[in-house]
Every structure is written in C-alpha cells, then in structure tokens.
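Remarks on the overall topology
The chain contents come next:
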Amino acid sequence: MTGDSHLLPAARSLYSYMISAAPPRPKSAIAILGATGSIGQATLQVLQSLGAPWRAVGVSAHSQVEQLAEIAQSARPPLLAATCPESANRLDSKSLPQDCQLLLGPEALVEIARSPQVDTVVAAIVGSAGLLSTLAAAEAGKRVALANKEALVVAGQLVKDALGRSGGDLIPVDSEHSAIFQAIHAGAARDVSRIILTASGGPFRTWSADQIAAATVQDALAHPTWQMGRKITIDSATMMNKALEIIEARWLFDLRSDQIQVVVHPQSIIHSLVEFVDGSVVAQLSPPDMRLPIQYALTYPDRTDCPCPKMDWSAGMQLDLEPADTERFPALELGWEVARRGGSCGAVLNAANEAAVQAFLAGDLRFPQICEGCRRILDEHHYDPNPALDEIMRLDRWAREEIHRWVTAC
Ligand code: NAD
Ligand code: MG
C-alpha cells in the first residue's frame, strides 16, 4: 500500500472534482429528492437555519403526499414531484400553493435534477430508486450532495463518468464519508495510505450469533445512536450498511478495497479517520447529527454556524474502538469483495439486499437470511466487468426476482 499507486490518474479525476471545484458563489438553489425522509427532513431544517439565499427549489416525495403538501406550504419550492402514481391520486391540488408546479411519476425526479433552476441536488432517496436522478444531476453538472449511497454502489463508474463529462461535483453526505472528505484535506491525495470507516455496531454489537439468529424486526429497528429510515436501520443491524459504505468509499476516494478498514465505535462521535503514509491519522468528530454533514455538503468549501449540538469537552467522555467481527456480521466481507471486484457486483448485491430487507420487514425472512440471500445471488450472477446502464437495470430486476423466488422456496 504505497502513496502514489492507489490513486490512478483516471480515478483521481473524481476526487479532483471534490477538492478543486470551489464554487464561485454559494450553490443556494437546492433540490431535495426524498424530502419526506429522515435526510430530506434534516435538509429542510438546515435550509431554514441557513436562511436566504438558501432555499428549496424542488422537493420530491414517494407515497407521503400529505407531508409533501405541508412542505410545499412551508418551503414554497417552485417544483414538486410526487413519484408514486397511486399515492399522487390522494393529493388535492387545492392543498398546494398556486406558484408550485406539480410533476408526477418517477421521471419527475430526473426533470428536477436537470432543471436550470437547481444548483445542488440532495440525493436523499433510499435505494436504487435514486439512481437515475443522481445520474441525471451528475450529467447536468450539478453539485450532488449524496446521501443515496446505493447509487454509487450500483453504478459508481457511470456516476463518475457523468461527472467527468459535465464538470459537476460530488460531495458526500454519509457521515463517515463526509468525515473522510474533511480529514483528507489535511494531506495530498497521493499520500493517503488508508481510511478507517467507523461503525456504531448497530443494535446487535454485543449479541451472540445465536441471539442475532433469533432477532425480530423490532430488535433490528432499535438503533442505539441514529434515527434513520427503516431500510438503512436494518442495514445497520446486519452491518450491510458498512459494506455499502466500503463500496461507496471505493468510488468516492478511488481506493483499493484493502485500503478501506472498518472499526466499531459505539458512541458514533468519531465519524471516520484517514491515515497518511507517514502514519499520521486525522479524524473528524462531532455529536451524531446528520445536519452537520448535510450542511457541509451544501456550503463546501465554506463553513458556517450549524443547528447541531456541539461537543462538550468539559464533561469528559469515553470513546471506544473495537475490531469489527466478520463472523457475526458476514455482510462486511461482501462489501470488501464487491469493492474489489467492481463491475456488475454492486448492482446485484444492492438489489438482493433491498429485496431481502423488504422480505425481512414483511416477516418472510429470518434476520441472518438477509446476508445469506445476498451471498447466494452474488455468487450465482454472471459477472460483467463493465455493465452499461440498461444491463445494470436488468441485473437489478433479476436479483430482486431471484430473492423473491428464494424467499418463496425457503
Ligand atoms: P427514508 O426512508 O427516511 O426516506 C426515503 C425517502 O425516499 C422518502 O422521501 C421517500 O419518499 C423516498 N422514496 C422511497 N422510495 C422511493 C421510490 N421508489 N421513488 C422515489 N422516492 C422514494 O430514508 P433515509 O434514512 O432518509 O435515507 C435516505 C438515503 O440516505 C439512503 O440511501 C440512506 O442510506 C442514506 N443515508 C441516510 C442516513 C440517515 O441518517 N437517515 C445517513 C446516511 C445515509
Ligand atoms: Mg453512514
């Protein structure tokens, strides 16, 4: 693991957007795709606290159209999208301000992502449903504030290529990747030797393998440190979230999989660490609150006051670091494997996981079967080293169908 070899010229180009694209003016016209979710709501709070000229110019919701109408009334974005056609029927157009344009269906996300009214797209949709709009924002040269890690897991190469053509920039919102992005500024990109992603360990950090095998949906949804959407909360319990983050980091920072380490840190204060070739380690710390990385992705390279709680250095605290246990949490190995193999593996792993999590939440799978199903489908698929978008979409559908077939047979 040497200084220069890991940041290949082509790979370094993505990282260069992240560090050199200092905006000439704040990119203050924000589209929030997935505005009704946990990240979407936190983004609205950040915009409110930043004040003018920061504003939401586009927001989307899938099924929670009543909440979308409330956002429309308070934030008054000119563009609104309701992506689930059945739920959109419940929307009473009289409940919307007259100056809001309502767009319907999944294509509306792409339209907002490309709109000339938008500077920055906060990609806050969960799952591969966020892929096309994230790609559209990258192609349109927007700033992409990326929470939707699945888009990079599924199609990291395509997103990167799109940014290369358009000159757009990509700033991570995921707390670990935001931490790395902040810490990595302490040295030259070529001098990064490895990064260390922290993981809370989720609700089962101290559980035995037998206890984990019997975990219920309620157990898995009880995250100790973060309040998040249901899918990412289950991913945190299996540690598939960290696996997806290994893959996300591989694309964001152009590292080999063996340069990405995971350490369990139950307090979720140290958000991640970067080690440079001289052995110096630089970390980013703050209380666990997503508004900080969201705001940083919006205002970068500037920093400004943030509504989050600050560290209390007078109180004394304990910061624990423990090795990650790949025996009890086999999802982690999937992350390193997929980060190493690339190609079609990300699309297959992500779709299998989304379908398996859905089945677990519906009571159709036991907790350990989520990873078992992902391993099975990943091993069964025909590897494609360089899949185009239509092949990625086909593999996404295929992996979901395979999981459904397997669940039915279980
Ligand atoms: P959430 O479930 O709270 O919200 C998801 C949003 O996506 C909602 O607005 C919903 O309307 C929309 N959505 C769902 N299905 C859709 C579909 N098929 N088409 C269009 N829109 C759809 O999820 P979240 O916790 O806010 O997570 C969003 C993304 O951010 C995920 O990729 C997650 O991994 C990532 N992330 C979340 C956190 C967190 O603290 N919540 C932290 C880091 C990264
Ligand atoms: Mg994270």
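Note that the coordinates shown come from a computational prediction; the quantities given were computed from them, not determined experimentally. (Residues numbered from 1 in each chain as written. Chains lettered and ligands numbered in written order. Predicted model: local features only at pLDDT ≥ 70, side-chain atom pairs only at ≥ 80, totals over all residues. Heavy atoms only, no water.)

1. Considerations on the pairing of strand β10 (residues 270-276)
What counts here: Burial classification: accessible surface area is computed with a 1.4 Å probe over protein chains only, and a residue below 20% of its type maximum counts as buried, one above 50% as exposed, and the rest as partly exposed. Numbering goes from the N terminus for both helices and strands, where a helix is a DSSP run of H or I of at least four residues and a strand is a run of E of at least two. Paired strands, in this sense, are two strands between which DSSP finds at least two bridges.
When you tally the buried positions in β10, you get seven out of seven residues, the bulk of the element. Of the pairings in the sheet, the one linking strand β8 (residues 192-199) to β10 comprises five bridges and is antiparallel in character. Paired with I195 across the bridge in β10 is V274. Pairing of β10 with strand β11 (residues 281-285), which is carried by five bridges, proceeds in the antiparallel orientation. Across the sheet, the residue bridging to V274 is V282, located in β11. A loop of four residues connects β10 with β11, the two strands running antiparallel in sequence, and G279 in this loop sits at a positive phi of about 95 degrees.

2. Topic: the environment of L292
Our working rule: Throughout, a contact is declared for two residues whenever any of their heavy atoms are within 4.5 Å.
Topologically, L292 is positioned in helix α13 (residues 291-299). A relative accessible area of 24% means that L292 is categorised as partly exposed. For the pair formed by L292 and A42, sequence separation is 250 residues and the distance between their alpha carbons is 9.5 Å. Setting aside residues up to four positions removed in sequence, L292 forms contacts with Q284, S286, C306 and C308.

3. Structural notes on the pattern of salt bridges
What counts is decided by this rule: We count a salt bridge whenever a side-chain nitrogen from Lys or Arg sits within 4 Å of a carboxyl oxygen from Asp or Glu.
Enumeration according to the criterion identifies 24 salt bridges in this entry. Between E150 and K231 there is a salt bridge, and its shortest N-O distance comes to 2.8 Å. You can see E150 sitting in helix α7 (residues 149-166) and its partner K231 sitting in helix α11 (residues 230-238), a full 81 residues away along the chain. By relative accessible area, K231 is classed as buried at 13%. With its nearest N and O atoms 2.8 Å apart, the salt bridge here joins D396 to R400. Of the two residues, D396 and R400 both sit in helix α17 (residues 389-409), four residues apart, roughly one turn of that helix. The exposure classification of D396 matches that of R400, with both residues buried. Here the residues in one salt-bridge network are K149, D174, E176, K242 and E245, joined through shared partners.

4. Things to note about the nonpolar core
Note the cut-off: The criterion is simple. A nonpolar core is a set of buried Ala, Val, Leu, Ile, Met, Phe, Trp, Tyr and Cys residues joined through side-chain atoms within 4.5 Å. Start and end positions for the domains come from either an automated domain assignment or a database one.
Of all hydrophobic cores here, the largest spans 130 residues; its most connected members are I195, M240, F253, L298 and F367. With 11 residues, helix α15 (residues 345-361) is the largest single contributor of residues to this core. When residues of this core are sorted by domain, at least three fall in each of domain 1 (9-173) and domain 2 (179-409).

5. Section: the coordination of the magnesium ion (ligand 2)
The line we're drawing: Water is not part of the atom set, so a site may look incomplete; the donors themselves are N, O and S atoms within 2.8 Å of the metal, or 3.2 Å for Na, K and Ca.
Every protein donor of the magnesium ion (ligand 2) is accounted for by D174 (OD), E176 (OE) and E245 (OE), and the metal-donor separations fall at 2.1 to 2.2 Å. Written as a sequence motif, the donor residues of the magnesium ion (ligand 2) are D-x1-E-x68-E.

6. Regarding the side chain of E354
Condition: For this analysis, a polar contact is any N or O atom pair within 3.5 Å, provided that within protein one partner can donate a hydrogen and the other can accept it, and provided that sequence-adjacent residues contribute only side-chain to side-chain pairs.
By secondary structure assignment, the location of E354 is in helix α15. Among the polar contacts listed, one links the side chain of E354 to the backbone nitrogen of S128, at a separation of 2.7 Å. For E354, the side chain forms a polar contact with the side chain of N350, separated by 2.8 Å. Among all residues touching E354, those that are not within four sequence positions of it are G127, S128, E150, K231 and R400.

7. Concerning the sheet that holds strand β6 (residues 143-146)
By definition, the strands of a sheet pair up through backbone hydrogen bonds, in either a parallel or an antiparallel sense. Cut-off, in case you're wondering: Orientation is described by axes fitted as lines to C-alpha atoms, over the contacting stretch for helices, and by angles from 0 to 180 degrees between their N-to-C directions.
Pairing in this open sheet of seven strands is parallel, and the strands run β4-β3-β2-β1-β5-β6-β7 from one edge to the other. Two strands bound the open sheet, and with one partner strand each, they are β4 (101-104) and β7 (169-172). Strand-to-strand, the axes of this sheet are offset by a mean angle of 20 degrees, without reference to chain direction. In this sheet, β7 lies alongside β6 in parallel orientation, the contact comprising four bridges.

8. Let's talk about the domain arrangement of the protein chain
Threshold: Two parts placed together each lose some accessible area; with a 1.4 Å probe, that loss summed over both constitutes the buried area.
Considered domain by domain, the protein chain is made up of domain 1 (9-173) and domain 2 (179-409). Averaged C-alpha coordinates put domain 1 and domain 2 at centres separated by 22 Å. Contacts between the two partners involve 44 residues from domain 1, matched on the other side by 41 residues from domain 2. Roughly 3,600 Å² of surface becomes buried between domain 1 and domain 2 when both sides are summed, with 71% attributable to carbon and sulfur atoms.

9. Considerations on the site of ligand 1
This is how the line gets drawn: A molecule or strand has a residue near it when one of that residue's heavy atoms lies within 4 Å. The method behind every accessible area is Shrake-Rupley, applied with a 1.4 Å probe, and residues are considered shielded solely by the protein chains displayed. Side-chain classes follow a simple rule in which Ala, Val, Leu, Ile, Met, Phe, Trp, Tyr, Cys and Pro form the nonpolar group, Asp, Glu, Lys and Arg form the charged group, and the remainder, Gly included, forms the polar group.
In the region of ligand 1, 23 residues are neighbours, and T36, S38, I39, E150 and G229 sit closest. Alone, ligand 1 offers 820 Å² of accessible surface; in the complex the protein occludes 87% of this. Within the residue set of the shell around ligand 1, elements represented by two or more residues are α2 (38-50) and α7. Among the residues forming the shell around ligand 1, the class breakdown is 11 nonpolar, nine polar and three charged. Formed jointly, the shell around ligand 1 draws a minimum of three residues from each of two domains, domain 1 (9-173) and domain 2 (179-409).

10. Describing the sheet that holds β11
The strand order across the open sheet built from five strands is β11-β10-β8-β9-β12, with neighbouring strands paired in mixed fashion. Only two strands of the sheet have a single partner each, and these edge strands are β11 and β12 (322-323). Along the sheet, helix α12 (residues 240-253) contacts β8 and β9 (260-264); its crossing angle with β8, the most-contacted strand, is approximately 150 degrees.

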